[in-house]
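Working through the structure, step by step
Listed below are the residues making up each chain.
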Amino acid sequence: IVDFPIFTMINCYVPNSGQNLERLEYRTERWDKDLLAFTESKRTSTKNPVIWLGDLNVAHTNLEVWNDGAKHLSKQAGVTPQERASFQAQLDESGYFDA
């Protein structure tokens, strides 16, 4: 986390959901919500925009997946419907953009 005079940059590693999705609920119900609350608190306290980047461990759209349509994708960490929906909710609630 670096606070610059006109923006804050948060570079983070988001834990994946695990090989057998054993951390899926933690990831989507706790981590994502806590991270969003943290980024919003930084935006409020600094009164500056936040740039959030790093290894977010989610393929938000099908454009980010080389084998779109593969049957196993919905059961693979990073591309489950729950992770995609949670990431979209973070974008919707915060006004962030996936670039």
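Read on for a plain summary of the structure. (Residues numbered from 1 in each chain as written. Predicted model: local features only at pLDDT ≥ 70, side-chain atom pairs only at ≥ 80, totals over all residues. Heavy atoms only, no water.)

Topic: the nonpolar core
Judged by nonpolar contacts, I10, C12, V14, L35, L36, V50, W52, L56, V58, F87, L91 and Y96 together constitute the single largest core of 12 residues. When contributions to this core are tallied by element, the ones reaching two or more residues are β2 (8-13), α1 (24-46), β3 (50-55) and α2 (81-94). Leaving out residues up to four positions away in the same chain, Y96 has contacts with L36, T39, E40, R43, V50, W52 and L91. (Core = buried A, V, L, I, M, F, W, Y, C linked by side-chain atoms within 4.5 Å. Buried < 20%, exposed > 50% of the residue type's maximum accessible area, 1.4 Å probe, protein only. Helix = DSSP H or I, 4+ residues; strand = E, 2+ residues; numbered from the N terminus. Contact = heavy atoms within 4.5 Å.)

A word on the pattern of salt bridges
Considering all chains together, one arrives at seven salt bridges under this definition. Two residues, E22 and R23, come together in a salt bridge whose shortest N-O distance is 3.7 Å. For R23, a relative accessible area of 35% gives the class partly exposed. The shortest N-O distance in the salt bridge between E29 and K33 comes to 3.8 Å. Here K33 and E29 lie together in helix α1, a separation of four residues that amounts to about one turn. Take E29: its relative accessible area is 48%, and that puts it in the partly exposed class. A relative accessible area of 47% means that K33 is categorised as partly exposed. Residues participating in the shared-partner salt-bridge network are R27, D32 and E83. (Salt bridge = Lys/Arg side-chain N within 4 Å of Asp/Glu carboxyl O.)

What about α2?
End to end, α2 covers 20 Å across 14 residues, agreeing with the expected 20 Å (1.5 Å per residue, within 8%). Taken together, the buried positions of α2 are occupied by E83, R84, S86, F87, Q90, L91 and S94. One side of α2 carries all its buried residues, which in axial view fall inside an arc of 165°. Those residues of α2 that are exposed and angled more than 90 degrees off the buried face are D92 and E93. (Expected span 1.5 Å × (residues − 1). Arc of directions from axis to C-beta.)

Details of the environment of S45
Mapping S45 onto the fold places it in helix α1. Engagement of the side chain of S45 in a polar contact is seen with the backbone oxygen of K42, the distance being 3.3 Å. (Polar contact = N/O pair within 3.5 Å; in protein donor to acceptor, adjacent residues only side chain to side chain.)

Observations regarding the layout of surface pockets
Considering only enclosed or pocket space, the largest pocket measures out at about 220 Å³ in volume. In terms of lining residues, the largest pocket is bounded by 13 residues, among which W52, Y96, F97, D98 and A99 are the most central. Elements represented by at least two residues in the lining of the largest pocket include exactly β3 and α2. Examining the composition of the lining of the largest pocket, we find that five residues originate from one element, β3, more than from any other. Looking at the lining of the largest pocket residue by residue, the classes come out as 10 nonpolar, two polar and one charged. (1 Å grid on protein atoms, 1.4 Å probe; cavity = no way out; pocket = protein on both sides within 12 Å on 5 of 7 lines; lining within 4 Å. Points joined across faces, edges and corners; volume = space filled by probe spheres on them. Nonpolar A, V, L, I, M, F, W, Y, C, P; charged D, E, K, R; others polar.)

Some points on α1
Between the first and last C-alpha of α1 there are 32 Å, a value that for 23 residues agrees with the 33 Å anticipated at 1.5 Å per step. Along α1, the helix axis deviates most sharply at W31, where the bend reaches about 30°. Within the sequence span of α1, burial applies to L24, R27, T28, D32, L35, L36, T39 and K42. Where the residues of α1 are buried, they touch β1 (2-3), β2, β3 and α2. In the stretch just after α1, K47 is the one whose phi turns positive, near 60°. (Bend = angle between axes of the 7 residues up to and from the residue.)

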